[in-house]
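Read off the chains here:
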Amino acid sequence: DLQMTQSPSTLSASVGDRVTITCRASQSYNRWVAWYQQKPGKAPKLLIWGVSNLVNGVPSRFSGSESGAEFTLTISSLQPDDFATYYCQHYSSFSFTFGGGTKVDIK
Amino acid sequence: QVTLEESGPALVKPTQTVTLTCTVSGFSLSNTGIRVSWIRQPPGGALEWLARIDWDDDKVYNTSLRTRLTISKDTSKNQVILKMTNMDPVDTATYFCARIGSRGFGLDYWGQGILVTVSS
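All values reported here derive from a predicted model rather than from experimental measurement.

### So, the layout of surface pockets
Working step 1: By volume, the largest pocket is sized at about 420 Å³.
Working step 2: Lining the largest pocket are 21 residues; nearest its centre among them are Gln38(A), Lys39(A), Pro40(A), Thr85(A) and Gln41(B).
Working step 3: Among the elements of the structure, strand S9 (85-91) and strand S11 (102-106) of chain A together with strand S9 (93-100) of chain B are those that each provide at least two residues to the lining of the largest pocket.
Working step 4: The element contributing the most residues to the lining of the largest pocket is S11(A), with 3 residues.
Working step 5: Partitioning the lining of the largest pocket into residue classes produces 8 nonpolar, 9 polar and 4 charged.
Working step 6: If you add up the space inside the second largest pocket, you get close to 320 Å³.
Working step 7: What lines the second largest pocket is a set of 15 residues, and nearest its centre among them are Leu46(A), Val55(A), Arg99(B), Asp108(B) and Tyr109(B).
Working step 8: At the level of secondary structure, the elements contributing two or more residues to the lining of the second largest pocket comprise strand S5 (45-49) of chain A together with S9 and strand S10 (107-110) of chain B.
Working step 9: At 3 residues, S5(A) tops the list of elements feeding residues into the lining of the second largest pocket.
Working step 10: For the lining of the second largest pocket, the residue count by class is 6 nonpolar, 5 polar and 4 charged.

Written as structure tokens, this is what we have:
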């Protein structure tokens, strides 16, 4: 089964920092990659679908990209509301795979 | 608007079977392109996808758990049901149901989750 290896697992950053989180697919993949934000005690929130498509209402400081088997979530200027845990996810007709998560906390 | 709500027991004993129900509103489970998944998250842990059911009753399971899982739907009641057999303390987790969006296959709407604790 495809695995999504997400890194780093934790990230300490300051408000205003540029933050990058990556997920690497272990095998044959497609472009159905999404990113989620989760805050404690809440369900995850979809931020990006199809690698780089921003969900309506999500701030434009969030962006997604890919390079080969590596998928990236970038927050261009970290805001106080962005301290949370982020997950990547890959979809295929045979499976559905999450990355291990990246906790973004205050430096 | 679209909502999903999980229900089921909060506490189950080891070896028991748990049945979780996801009641949806704002869309029909029989509409073409509708897919609903179950996902779980142990306390302090990562998300783990469990199973998916499609509008045409196609079903897909997590490979490592497929022998223990059964997903089904009752379109008349707007419900997606997940059964998990032989529960173990390691299955203690918050169980979420979520709709898979038709664009890009991200999970666009989620329930609030239900914490299921496995303990004797």
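### Brief notes about the state of the cysteines
Joining two cysteines, a disulfide is a covalent bond between their sulfur atoms.
Working step 1: Throughout the structure, instances matching the rule amount to 2 disulfides over all chains.
Working step 2: There is a disulfide in this structure between Cys23(A) and Cys88(A), and the S-S distance comes to 1.9 Å. The chirality of the disulfide connecting Cys23(A) with Cys88(A) is left-handed, given an S-S dihedral of about -90°. With Cys23(A) in strand S3 (residues 19-25) and Cys88(A) in strand S9, this pair connects stretches of sequence that are 65 residues apart. For the pair formed by Cys23(A) and Cys88(A), the shared burial category is buried.
Working step 3: The disulfide partner of Cys22(B) is Cys97(B), and the S-S distance across this bridge is 2.1 Å. Between Cys22(B) and Cys97(B), the S-S dihedral sits near 75°, and the bridge is therefore right-handed. One end of the pair, Cys22(B), is in strand S3 (residues 18-25); the other, Cys97(B), is in strand S9, and 75 residues separate them in sequence. Neither Cys22(B) nor Cys97(B) differs from the other in exposure class; each is buried.

Reading the values: rules and limits
Residues numbered from 1 in each chain as written. Chains lettered and ligands numbered in written order. Predicted model: local features only at pLDDT ≥ 70, side-chain atom pairs only at ≥ 80, totals over all residues. Heavy atoms only, no water. 1 Å grid on protein atoms, 1.4 Å probe; cavity = no way out; pocket = protein on both sides within 12 Å on 5 of 7 lines; lining within 4 Å. Points joined across faces, edges and corners; volume = space filled by probe spheres on them. Helix = DSSP H or I, 4+ residues; strand = E, 2+ residues; numbered from the N terminus. Nonpolar A, V, L, I, M, F, W, Y, C, P; charged D, E, K, R; others polar. Disulfide = S-S within 2.5 Å. Buried < 20%, exposed > 50% of the residue type's maximum accessible area, 1.4 Å probe, protein only.

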